[in-house]
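Spelled out from the first residue to the last, the chains are:
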Amino acid sequence: MKSMIDSIWHIRGAVPLRPGQDADEAFARLDPLFATRGTTHRRDGDTLTFHKKDQEAQDKLSIFDGGTLRVEAGPGGRALRYNMKSRALLYCFLAPLLFLAIAQVTVLIGQYEANAAKAEESDKKEKAEDEDLPQHFIDAALGAPVPEKPSADDAEEDKGPKPTAAYIFAGIFAALYVVGRILESWLVKSLFRRRLSGDTGDIRASGDTPGTRLSV
């Protein structure tokens, strides 16, 4: 259960190291990513743990609030395995649930107001059925027909609260979460692969343009 919850806002993955590349070299290549304002990190052997607070938007890992990177040996050689958490992703996941709850409350309020309005309208109709509508004396002298009483079909359209806006925002944040979850997973893996291979060029050169980072 905990693993399912963690998967909502944790991004995990692995990047194979080059033959002969050890933990010291791997973390040396990744070190500039953690030498940014608002980031603290600690290395313990083959494991690096980092935390971020008030990170800058220019930080390539700005969406993450902390995580662990570990160099592990496997059948195919050494690999860098990472597990990083992002509150931004968590907020984007929870936002649709909040707006759906707001929509449901809005529907309930609308139903309550509609029922109250119908009850009030029913009382008015019962009273109106017992009374004749007033007629001007000139109309009566000219023999004009008595005014007809309004029918139920003439009732004014319900103008109560609508849940449309809440549904729209829920859809926006749901889409933002799905896109962000996929995009950020690809971006961080591509970033680590480039750093470990020795390519320190800006990842934006291959599609990470300004503004594509998820933010809330």
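Note that the structure is predicted; figures quoted are calculated from it, not measured.

Criteria and thresholds
Residues numbered from 1 in each chain as written. Predicted model: local features only at pLDDT ≥ 70, side-chain atom pairs only at ≥ 80, totals over all residues. Heavy atoms only, no water. Helix = DSSP H or I, 4+ residues; strand = E, 2+ residues; numbered from the N terminus. Expected span 1.5 Å × (residues − 1). Buried < 20%, exposed > 50% of the residue type's maximum accessible area, 1.4 Å probe, protein only. Arc of directions from axis to C-beta. Salt bridge = Lys/Arg side-chain N within 4 Å of Asp/Glu carboxyl O. Phe/Tyr/Trp six-rings, centres within 6.5 Å; stacked < 30°, edge-to-face > 60°. Core = buried A, V, L, I, M, F, W, Y, C linked by side-chain atoms within 4.5 Å. Contact = heavy atoms within 4.5 Å. Pairing = 2+ DSSP bridges. Axes fitted to C-alpha atoms, helices over the stretch in contact; angles between N-to-C directions. Parallel < 35°, antiparallel > 145°, perpendicular 65-115°, else oblique. Left-handed = near helix turned anticlockwise from the far one by under 90°.

Enquirer: Break down helix H2 (residues 23–34) for me, with residues and values.
Expert: Helical geometry: 3.6 residues make up each α-helical turn, so side chains three or four residues apart lie on a common side. Between the first and last C-alpha of H2 there are 16 Å, a value that for 12 residues agrees with the 16 Å anticipated at 1.5 Å per step. Among the residues of H2, Ala23, Ala26, Phe27, Leu30, Leu33 and Phe34 are the ones counted as buried. Taken end-on, H2 shows its buried residues confined to a sector of 85 degrees, consistent with a single buried face.

Enquirer: Can you lay out the pattern of salt bridges for me, pointing to particular residues and giving the numbers?
Expert: Applying the stated criterion across every chain, the model contains 7 salt bridges. Arginine 18 serves as the salt-bridge partner of glutamate 25, at 3.2 Å between the closest nitrogen and oxygen. For glutamate 25, a relative accessible area of 28% corresponds to the partly exposed category. Residue arginine 37 pairs with glutamate 56 through a salt bridge whose shortest N-O separation is 3.0 Å. You can see arginine 37 sitting in the loop between H2 and strand S2 (39–44) and its partner glutamate 56 sitting in the loop between strand S3 (47–52) and strand S4 (66–74), a full 19 residues away along the chain. With relative accessibility at 35%, the residue glutamate 56 sits in the partly exposed group.

Enquirer: For the packing of aromatic side chains, give the residues involved together with the corresponding values.
Expert: Applying the stated criterion across every chain yields a total of 5 aromatic pairs. Geometrically, the ring pair formed by phenylalanine 34 and phenylalanine 50 is tilted, given 5.1 Å between the ring centres and 45 degrees between the ring planes. Taken as a pair, phenylalanine 34 in helix H2 and phenylalanine 50 in strand S3 lie far apart in primary sequence, 16 residues in all. Plain terms: the ring middles of phenylalanine 93 and tyrosine 177 are 5.4 Å apart, the flat faces sit at 65 degrees to each other, and that makes the pair edge-to-face. In this pair, phenylalanine 93 sits in helix H3 (residues 87–129) while tyrosine 177 sits in helix H5 (residues 164–197), placing the two residues 84 residues apart along the sequence. Accessibility expressed as a relative area gives 13% for tyrosine 177, which makes it buried. Aromatic ring contacts, followed pair by pair, group Phe99, Phe169 and Phe173 into a single cluster.

Enquirer: Explain the nonpolar core residue by residue, including any values.
Expert: The biggest cluster of nonpolar side chains holds 29 residues, and the ones touching the most others in it are Leu30, Leu69, Leu80 and Phe192. Of all the secondary-structure elements, those providing two or more residues to this core are helix H1 (2–9), strand S1 (10–16), H2, S3, S4, strand S5 (77–85), H3 and H5. Among the elements that make up this core, the one with the highest residue count is H2 (6 residues). Those residues within four positions of leucine 80 in sequence are excluded, and the remaining contacts are Gly13, Ala14, Val15, Leu17, Phe27, Leu30, Leu69, Arg70, Val71, Phe192 and Leu196.

Enquirer: Before we move on, could you go through the pairing of S3 and cite the residues and values that matter?
Expert: Sheet analysis places S2 next to S3, joined by 6 bridges and oriented antiparallel. Within the sheet, the bridge partner assigned to arginine 43 lies in S3 and is leucine 48. Hairpin connection from S2 to S3: 2 residues lie between these consecutive antiparallel strands, with glycine 45 at a positive phi of about 70 degrees. Both S3 and S4 contribute to a ladder of 5 bridges, which runs antiparallel. Each bridged residue has a counterpart across the sheet, and for threonine 49 the counterpart in S4 is threonine 68.

Enquirer: Requested: an account of H1, with residues and values cited.
Expert: Considered for burial, the residues of H1 that qualify are Asp6, Ile8 and Trp9. Taken end-on, H1 shows its buried residues confined to a sector of 145 degrees, consistent with a single buried face. Of the exposed residues in H1, the ones pointing more than 90 degrees away from its buried face are Ser3 and Met4.

Enquirer: Break down the packing of H2 against H5 for me, citing the residues and quoting the values.
Expert: Contact pair H2 / H5: the axes reach a minimum separation of 8 Å and the direction vectors enclose 125 degrees. With respect to each other, H2 and H5 are oriented oblique. Of the two elements, H2 crosses H5, and the hand of that crossing is right-handed. Seen from H2, the contacting residues are Ala26, Arg29, Leu30, Pro32 and Leu33; seen from H5, they are Leu191, Phe192, Arg195, Leu196 and Ser197.

Enquirer: Help me get a handle on unusual backbone geometry, residues and values and all.
Expert: Positioned with a positive phi, aspartate 54 is a non-glycine residue whose angle comes to about 55 degrees. In this fold, aspartate 54 is placed in the loop between S3 and S4. A residue is classified by how much of its surface remains accessible, and aspartate 54, at 59% relative accessible area, is exposed.

In short, geometric facts, not functional conclusions.
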